[in-house]
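Read off the chains here:
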Amino acid sequence: MNSALKINNEHLRELEDEAIYVMREVAALFEKKVILFSGGKDSIVLVHLARKAFWPAKMPFSLMHIDTGHNFEETLDFRDRLAEELGVELIVRKVQDSIDQGRVSEETGINASRNKAQSVTLLDAIEELGIDVAIGGGRRDEEKARAKERFFSHRNEFGQWDPKNQRPELWNIFNGHKKFGEHFRVFPISNWTELDVWQYILHENIQLPMLYYTHRRKIFHRNGIYLAWAPFMQLKADEEVFETDVRCRTIGDITCTGVTLSKAESLHEIITEIAATRVTERGGRYDDRRSEAAMEDRKKEGYF
């Protein structure tokens, strides 16, 4: 058997126990709690962990999705089905509404994306609903800015993150104290890797959107990345749309979600593919190409 498929159950159980412990701490410390749900594999794993953490009771978190208006239809369908199955509140806030209200200006041009605009929509929703804590699926192995963040990430009254002024977390003792108007982001799977996530999905038989498996899709090539094509996307003169077999490693706004040329049609094949790749998970995210500090800049502004 391929070594990537030799699942270390003890290792996964330790990661699961840690994540469940963090979620129970969140439930005990805060009142208005949401899981930031993108429809991607990490947020789906978060929901699975939350169900296990509080079973047989219903998990004490609502799901919140910041809809850019440029999401994959498969993601939205999966989101709606899962919320209905769980019987939990689904909060959807739309970037288009922020644009219509003049809260943000929509980017224009070939590389236009609404991904950055999500920060304003998210912060407005947190203030509107009085949210104390938003649980996210960020992992430290994804990107260097994420590697700087603790489990409990304090955000000031403007929703901003200060990487130089984080609170110590010795022996997993978390400080949830905050002033009025402040909130926290919490990342229960911080210590997981991409391979851990996929092996856990296999071990727990977690259902995912079919975007993660090989399927036929119209794509084009830009600056070293294959991007899924949609009618609202502008093409450069030398860019050509063609159809081939691809899958997503990470899912977000269509304008910045890179796709992978792949024949992986099962979880076993995906795990083997991930174990062999030398390209990072976010190496296919077009928005991270804007600058070396793109992710950190967005996080300081209130990004997930």
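Rules and cut-offs
Residues numbered from 1 in each chain as written. Predicted model: local features only at pLDDT ≥ 70, side-chain atom pairs only at ≥ 80, totals over all residues. Heavy atoms only, no water. Helix = DSSP H or I, 4+ residues; strand = E, 2+ residues; numbered from the N terminus. Buried < 20%, exposed > 50% of the residue type's maximum accessible area, 1.4 Å probe, protein only. Contact = heavy atoms within 4.5 Å. Areas by Shrake-Rupley, 256 points an atom, 1.4 Å probe, with all protein chains shown as cover. Axes fitted to C-alpha atoms, helices over the stretch in contact; angles between N-to-C directions. Parallel < 35°, antiparallel > 145°, perpendicular 65-115°, else oblique. Nonpolar A, V, L, I, M, F, W, Y, C, P; charged D, E, K, R; others polar. Expected span 1.5 Å × (residues − 1). Patch = residues over 30% accessible without salt bridge, like charges linked within 9 Å, V, L, I, M, F, W, Y side chains within 5 Å. Salt bridge = Lys/Arg side-chain N within 4 Å of Asp/Glu carboxyl O. Phe/Tyr/Trp six-rings, centres within 6.5 Å; stacked < 30°, edge-to-face > 60°. Lys NZ or Arg CZ within 6 Å of the ring centre and 35° of its normal.

A.B. asks: Can you help me understand the overall build of the chain in this one?
C.D. replies: The helix and strand inventory of the chain stands at 8 helices and 10 strands. Out of the 304 residues belonging to the chain, those deemed buried represent 54%. Partitioning the contacts of the chain with sequence separation of at least 6, the portion at a separation of at least 24 is 74%. Total accessible area on the chain is roughly 14,500 Å²; 49% of this is exposed by carbon and sulfur atoms.

A.B. asks: Looking at this structure, how should I read the packing of helix α2 (residues 41-54) against helix α3 (residues 73-86)?
C.D. replies: Between two packed helices, the angle of one axis relative to the other and the distance separating the axes together describe the packing. Across the interface, α2 lies against α3 with an axial gap of 12 Å and an inter-helix angle of 5 degrees. When the axes of α2 and α3 are compared, the pair comes out roughly parallel. The segment α2 lies against α3, with Ile44, Val47 and Arg51 engaging Phe78, Leu82, Glu85 and Leu86. When its residues are assigned to classes, the contact of α2 with α3 shows 5 nonpolar, no polar and 2 charged.

A.B. asks: Got a minute to help me understand α2 in this structure?
C.D. replies: Note that an α-helix has 3.6 residues per turn; residues three or four places apart therefore point the same way. End to end, α2 covers 20 Å across 14 residues, agreeing with the expected 20 Å (1.5 Å per residue, within 8%). Among the 14 residues in α2, 12 count as buried, and that is most of the element. Those residues of α2 lying buried are Lys41, Asp42, Ser43, Ile44, Val45, Leu46, Val47, His48, Leu49, Ala50, Ala53 and Phe54. Buried residues belonging to α2 abut α1 (9-29), β1 (33-36), β2 (62-67), α3, β4 (133-135) and α6 (194-204).

A.B. asks: In this structure, what is going on with a nonpolar patch on the surface? I would like to understand it.
C.D. replies: Taken together, the side chains of Leu170, Trp171 and Ile173 define a hydrophobic patch exposed on the protein surface, amounting to about 430 Å² of accessible area. Following the sequence through the fold, tryptophan 171 ends up in the loop between β5 (152-155) and β6 (183-186). The class for tryptophan 171 is exposed, based on a relative accessible area of 76%.

A.B. asks: How should the packing of α1 against α2 be read in this particular structure?
C.D. replies: It is the contact of α1 with α2, at a shortest axis distance of 9 Å, that shows an interaxial angle of 75 degrees. As judged from the angle between their axes, α1 and α2 are roughly perpendicular. On α2, the residues touching Arg13, Glu16, Ala19, Ile20, Met23, Arg24 and Ala27 of α1 are Leu46, Leu49, Ala50, Lys52, Ala53 and Phe54. Of the residues contributing to the contact of α1 with α2, the split by class is 9 nonpolar, no polar and 4 charged.

A.B. asks: Help me understand the packing of aromatic side chains, please; the structure alone is not making it clear to me.
C.D. replies: We describe a pair of aromatic rings using the distance from one ring centre to the other and the angle between the two ring planes. On inspection of all chains with the given rule, the structure shows 10 aromatic pairs. Ring centres of phenylalanine 151 and phenylalanine 174 lie 5.8 Å apart, and the angle between their planes is 70 degrees; this geometry places the pair in the edge-to-face category. Here phenylalanine 151, found in the loop between β4 and β5, pairs with phenylalanine 174, found in the loop between β5 and β6; they are 23 residues apart in sequence, far enough to count as distant. For phenylalanine 174, a relative accessible area of 8% corresponds to the buried category. Where tryptophan 192 meets tyrosine 200, the ring centres are 5.1 Å apart and the plane angle is 80 degrees; that geometry is what we call edge-to-face. Of the two residues, tryptophan 192 and tyrosine 200, both sit in the buried class. The rings of Tyr21, Phe30, Phe151, Phe152, Phe174 and Phe184 are connected pair by pair, giving a single aromatic cluster. The positively charged end of arginine 140 is found above the aromatic ring belonging to phenylalanine 151, 5.0 Å away from the centroid.

A.B. asks: Would you take a moment to explain the pattern of salt bridges for this structure?
C.D. replies: Side chains carrying opposite charge are able to pair once their charged atoms draw close together. Scanning the entire structure with this criterion turns up 20 salt bridges. Where arginine 114 meets glutamate 106, a salt bridge forms, and the shortest distance between an N and an O atom there is 2.7 Å. According to the relative accessible area criterion, arginine 114 is buried, its value standing at 8%. Arginine 222 is the partner of glutamate 239 in a salt bridge, and the nearest nitrogen-oxygen pair spans 2.7 Å. Separated by 17 residues along the polypeptide, glutamate 239 in the loop between β8 (225-228) and β9 (242-248) and arginine 222 in strand β7 (residues 215-222) bring together distant segments of the chain. The network of salt bridges with common partners includes Arg13, Glu16, Lys52 and Glu204.

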